[in-house]
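Listed below, chain by chain, are the residues.
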Amino acid sequence: MEELRPLLLSIAYRMLGTFGDAEDVVQEAYLRLHREPEVVSPKAFLTTVTTRLAIDQLRSARRQREEYFGPWLPEPAVDEYVDLADRAALSDSLSTAFLVVLERLSPDQRAVFLLGDVFGYSYDDLAAILGKTPANCRQLAVRARRRIADNRPRFDPSPQERDELVRRFVAAAEEGELESLVALLTPDVTFTGDGGGKGGFPRPVHGAGNVARMLIGAFGKFRELTTEPVHVGGQPALRIHDRSDRTIAIWSFVVAEGRISAVHGIVNPDKLTHVQPSRHADDQR
């Protein structure tokens, strides 16, 4: 039954946006399974318990996020560091931008949308998992799709073009080339930084000129740091680390129609433990 753990973690992480909470939820689901020796379908049982626990956890977490200092972003699922089930087929649903959009949904809507539209569960399956009728689940799905339809990120199809754009972005930011950097950004680009009160920016920055100037200033402070290209949910990102290889930040990008339309920067160290080399991760525990 351990072979089901990657699937359960995939569901729980997409529900909660944090790896620690996802792991706790999945572990509790396994504990409950061991206390129920006559379970006919372990997969159905574990999926149901994981989803319901995640819904409860999400309701509690939302209250905590209202008190969070500055913008709240999910922990980055960096492809090179995190191994989740079905990554190749469902990678876009692991992007920071997509998970931010999911924050607009109620916990029940989020569960129905993820299990139905991302993982392919039927309305009958959803009804059994959530303890609702198929008609209720269909209504939740319709409302969820309506709420995210206008906000779901649209990614350029070519990974090579996305990566090349970010390479040009880094070069322009490092050299302080304001006009070149502005040309790589959409006019309504937004930079959102999550520092949790431990760094970063207390509010989003909007507009190509403002974002470009902020980025050039930030890269000026990176002189002693190294930027390494990585991917979050298949989308281009940067891992920013110091000389000892400690991850300082993860910046992920949304690239649409040949330009960068959003940057999500996570510098809260509590959200970077899973992307630290082992010796640094041990230091932060």
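Described below are features of the structure shown in this document. For every chain, the first residue of its written sequence is number 1, and the numbers climb from 1 along that sequence. Only residues with pLDDT of at least 70 are given local features in this predicted model, and only at 80 or more are side-chain atom pairs given and counted; all residues enter the totals for whole chains, interfaces and linings. To obtain the side-chain values, all non-hydrogen atoms of the structure were used and water was disregarded.

Okay, the overall build of the protein next. Check the secondary structure of the protein and you find twelve helices and six strands. Along the longest, intermediate and shortest principal axes, the C-alpha atoms of the protein span 65 × 40 × 35 Å. Burial classes: relative accessible area under 20% of the type maximum marks a residue as buried, over 50% as exposed, and values in between as partly exposed (1.4 Å probe, protein chains only). Taken across its 285 residues, the protein has 51% of its residues classed as buried. Throughout, a contact is declared for two residues whenever any of their heavy atoms are within 4.5 Å. For the protein, long-range pairs separated by at least 24 residues make up 64% of all intrachain contacts whose partners lie at least 6 apart in sequence. Put simply, DSSP H or I for four residues or longer makes a helix, DSSP E for two residues or longer makes a strand, and each gets a number counted from the N terminus.

Turning our attention to the environment of Glu-257. Within the secondary structure, Glu-257 sits in the loop between strand S5 (247-256) and strand S6 (259-266). Taking the C-alpha atoms as reference points, Glu-257 and Gln-235, 22 residues apart in sequence, are found 14 Å from one another.

Note on definitions: the grid is 1 Å and covers protein atoms alone; a cavity is a set of points where a 1.4 Å probe fits but cannot get out; a pocket is an open set with protein on both sides within 12 Å along at least five of seven lines; lining residues have an atom within 4 Å of a point. Grid points are joined across faces, edges and corners, and a volume is the space filled by probe spheres set on the points. Counted by the stated rule, this structure contains one cavity of 30 Å³ or more. Computed from the structure, the largest cavity encloses a volume of approximately 40 Å³. Lining the largest cavity, in full, are Ser-95, Thr-96, Ala-97, Phe-155, Val-232, Gln-235, Ser-252, Phe-253 and Val-254. Only helix H5 (96-102) and S5 provide two or more residues apiece to the lining of the largest cavity. When residues in the lining of the largest cavity are grouped by element, the largest group, three residues, is from S5.

A few words on the pairing of strand S1 (residues 185-194). Burial within S1 is extensive, with eight of its ten residues counted as buried. By the convention used here, strands pair only if DSSP detects at least 2 bridges between them. As paired elements, S1 and S6 share six bridges and run parallel to each other. Pairing of Leu-185 across the sheet is with Ile-260, part of S6.

Here, a salt bridge means any Lys or Arg side-chain nitrogen found within 4 Å of an Asp or Glu carboxyl oxygen. Tallied over the full model, the rule gives 14 salt bridges. Three or more residues are tied together by salt bridges with common partners; here these are Asp-56, Arg-59, Asp-108 and Lys-132.

Turning next to unusual backbone geometry. Here the phi dihedral of Asp-245 falls at roughly 75°; this positive angle occurs in a residue that is not glycine. On the secondary structure map, Asp-245 appears in the loop between strand S4 (235-241) and S5. Asp-245 gets classed as partly exposed once you look at its relative accessible area, which sits at 26%. With a phi angle near 55°, Glu-257 is a residue other than glycine that sits in the positive phi range. Glu-257 sits in the exposed class, given a relative accessible area of 77%.

Further remarks concern the layout of surface pockets. Put simply, the largest pocket is a space of about 610 Å³. Along the walls of the largest pocket sit 20 residues, with Val-101, Arg-104, Asn-151, Ala-262 and His-264 positioned nearest its centre. At the level of elements, H5, S1, S5 and S6 are the ones that each hand at least two residues to the lining of the largest pocket. Gly is placed with the polar residues, together with every amino acid not listed as nonpolar (Ala, Val, Leu, Ile, Met, Phe, Trp, Tyr, Cys and Pro) or charged (Asp, Glu, Lys and Arg). Class assignment for the residues of the lining of the largest pocket results in nine nonpolar, five polar and six charged.

An order of S2-S1-S6-S5-S4-S3 is seen for the six strands of this open sheet, with the pairing classed as mixed. Either end of the sheet is taken by a strand with one partner, and the two such strands are strand S2 (205-206) and strand S3 (226-232). Strand direction decides the pairing type here: S5 and S6, joined by seven bridges, are antiparallel. Paired with Ala-256 across the two strands is Arg-259, which belongs to S6. To obtain an axis, a line is fitted to C-alpha atoms, over the contacting stretch when the element is a helix, and the angle between two such axes runs from 0 to 180 degrees between their N-to-C directions. Where helix H9 (residues 159-175) meets the sheet, it contacts S3, S4, S5 and S6, and its direction lies at approximately 40° from that of S4. Against the sheet, helix H11 (residues 208-220) contacts S1, S2, S3, S4 and S5, and its axis sits at roughly 50° relative to S1.

What follows covers the side chain of Arg-14. Structurally, Arg-14 is set in helix H1 (residues 5-16). Look at Arg-14 and you get buried, because its relative accessible area is 0%. N or O atoms closer than or at 3.5 Å make up a polar contact, with two conditions inside protein: a donor-capable atom paired with an acceptor-capable one, and, for residues adjacent in sequence, both atoms drawn from side chains. One polar contact links the side chain of Arg-14 to the main-chain carbonyl oxygen of Ser-10, over a distance of 3.2 Å. A polar side-chain atom of Arg-14 sits 2.9 Å from a polar atom in the side chain of Ser-93.

Aromatic pairs are defined between Phe, Tyr and Trp rings, using the six-membered ring for Trp, whenever the two ring centres lie within 6.5 Å; interplanar angles under 30 degrees are classed as stacked, those over 60 as edge-to-face, and all others as tilted. Tallied over the entire structure, the rule returns six aromatic pairs. Pairing Tyr-13 with Phe-19 gives two aromatic rings, centres 4.3 Å apart and planes at 10°, and the pair type is stacked. Here Tyr-13 and Phe-19 have matching classes, each one buried. Ring geometry for Phe-169 against Phe-253: centres 5.0 Å apart, planes inclined by 70°, an arrangement best described as edge-to-face. Here Phe-253 lies in strand S5 and Phe-169 lies in helix H9, a separation of 84 residues in the sequence. With relative accessibility at 0%, the residue Phe-169 sits in the buried group. Here the aromatic residues Phe-169, Phe-191, Phe-219, Trp-251 and Phe-253 are joined through ring pairs into a cluster of three or more. A positively charged side chain is recorded as over a ring if its NZ (Lys) or CZ (Arg) lies within 6 Å of the ring centre. The angle to the ring normal must also be within 35 degrees. Of note, Arg-138 hangs over the ring of Tyr-123, and the distance from its end group to the ring centre comes to 4.5 Å.

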